[in-house]
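What the coordinates show
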Amino acid sequence: MAQTSQNIDAAQAIAAAVAQIELAVREVQPAVEQFGALIDHMSGGLGELRSVRPRDANPEAIFVFQDEFDGAVTRLQKHVHGTITQLQFYDRLVQHLTHVQDFLAGVAGQLANATAGEDDTWGVLRDKLRVRLISQAQRELLDAVLPPPEGAQFNSRQAREEHAAQGTVELF
Amino acid sequence: MTRILAVDDSPSMRQMVGVTLKSAGYEVVEACDGREALNLAKEQPAVDLVITDVNMPNMDGLTLVRELRLLPHYRGVPLLVLTTEASTEKKLEGKAAGATGWVVKPFSPDRLLATIARIIT
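Residues numbered from 1 in each chain as written. Chains lettered and ligands numbered in written order. Predicted model: local features only at pLDDT ≥ 70, side-chain atom pairs only at ≥ 80, totals over all residues.

1. Concerning the overall build of chain B
When its secondary structure is counted, chain B shows five helices and five strands. Across chain B, helices and strands are ordered from the amino to the carboxyl terminus as β-α-β-α-β-α-β-α-β-α. Its C-alpha atoms give chain B a radius of gyration of 13 Å, near enough to 14 Å, the size a compact globule of 121 residues would have. Counting over 121 residues, chain B shows a buried share of 48%. (Helix = DSSP H or I, 4+ residues; strand = E, 2+ residues; numbered from the N terminus. Rg over C-alpha atoms; globule rule 2.2 N^0.38 Å. Buried ≥ 20, exposed ≤ 12 C-beta atoms within 10 Å, placed from the backbone.)

Here you go:
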């Protein structure tokens, strides 16, 4: 009975953590969407600048400033592209948190369930999280803290290669 | 205008892919998972290129690639996979499914656009 009560307390504590993660992601979402929209506007504006210049500019003035103008637009476009690359780390963070959140929700559910522990429920939950994690570094961290029954195997080379592969393109 | 179907369950990723493609003058069609993308592919004329994530609800990206290759009007369409997955095993799985190429997130817009220009011309 005491065990069941402790389990329910633990389940409620974990459920509270799950709710906080969900709130944190939800609260920041509008700001990130706005940020994405601003990037979109900047990119669109640069496109307009490119198309307007030859049409509307004074031919003599544009002859003088053409290189500076084009150079400035190109540099700004590079900065916009840089923000696109960096913003993807936010998406990565959300994915990571979502998988952890689902894992914790599953743990809370099992703790609250009287039959928890009668089968390999914990292993199933753990494996499900491991499959959904999006990088070798994340999987190795899970293995280090919560090793599988057969023991953890670490492959730091694979993790380094994975990190180095970010942004790479391979055509088949 | 060249039409590209961008498939990702993350709205922010779809937005970033969309901004990148539109900045180069491409028309972008979006789908939030493999199933929606497949339905679009079945209902509409083929796009010029598909860019798809792998891990998505309802239908994952590699299943989408396999299903698209079964559609007669998609047999010759380049299918790019855009994912955080970087393992050789996954890439081989993608190649076997019929993917044209594999891009690892976070992507560089310049590199993605250069790749697209190369495979659709």
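2. What about the interface of chain A and chain B?
Counting residues at the interface gives 26 residues for chain A, matched by 27 residues for chain B. When contributions to the side of chain A that touches chain B are tallied by element, the ones reaching two or more residues are α1 (2-56), α2 (59-112) and β1 (169-171) of chain A. By residue number, the principal contributor to the side of chain A that touches chain B is α2(A), which donates nine residues. For the side of chain A that touches chain B, the class distribution of residues is eleven nonpolar, ten polar and five charged. Where β1(A) lies against strand β5 (residues 101-104) of chain B, three bridges are found, and the strand directions are antiparallel. The partner of V169(A) across the bridge, within β5(B), is V103(B). (Contact = placed C-beta atoms within 7 Å. Nonpolar A, V, L, I, M, F, W, Y, C, P; charged D, E, K, R; others polar. Pairing = 2+ DSSP bridges.)

3. With respect to the nonpolar core
Counting 38 residues, the largest nonpolar core has I4(B), L5(B), V7(B), V50(B), I51(B), L80(B) and V103(B) as its most contacted members. Considering each element in turn, this core owes the most residues, five residues, to helix α1 (residues 11-23) of chain B. (Core = buried A, V, L, I, M, F, W, Y, C linked by C-beta atoms within 7 Å.)

4. A closer look at unusual backbone geometry
Residue and element names in this part refer to chain B. A cis amide bond, omega -5 degrees, links K105 with the succeeding residue P106. Relative to the elements of secondary structure, P106 occurs in the loop between β5 and α5 (109-119). Unlike most non-glycine residues, N58 shows phi in positive territory, near 70 degrees. Inspection of the secondary structure puts N58 in the loop between β3 (49-52) and α3 (61-70).

5. Brief notes about the packing of helix α2 (residues 34-43) of chain B against α3(B)
Residues and elements named next belong to chain B. Where α2 meets α3, the closest approach of the two axes is 9 Å, and the angle between their N-to-C directions is 20 degrees. Considering the angle they form, α2 stands roughly parallel to α3. For the crossing formed where α2 meets α3, the hand is right-handed. Counted together, G34, A37, L38 and A41 of α2 and G61, T63, L64, E67 and L68 of α3 form the full contact between these two elements. Here the contact of α2 with α3 is composed, by residue class, of five nonpolar, three polar and one charged. (Axes fitted to C-alpha atoms, helices over the stretch in contact; angles between N-to-C directions. Parallel < 35°, antiparallel > 145°, perpendicular 65-115°, else oblique. Left-handed = near helix turned anticlockwise from the far one by under 90°.)

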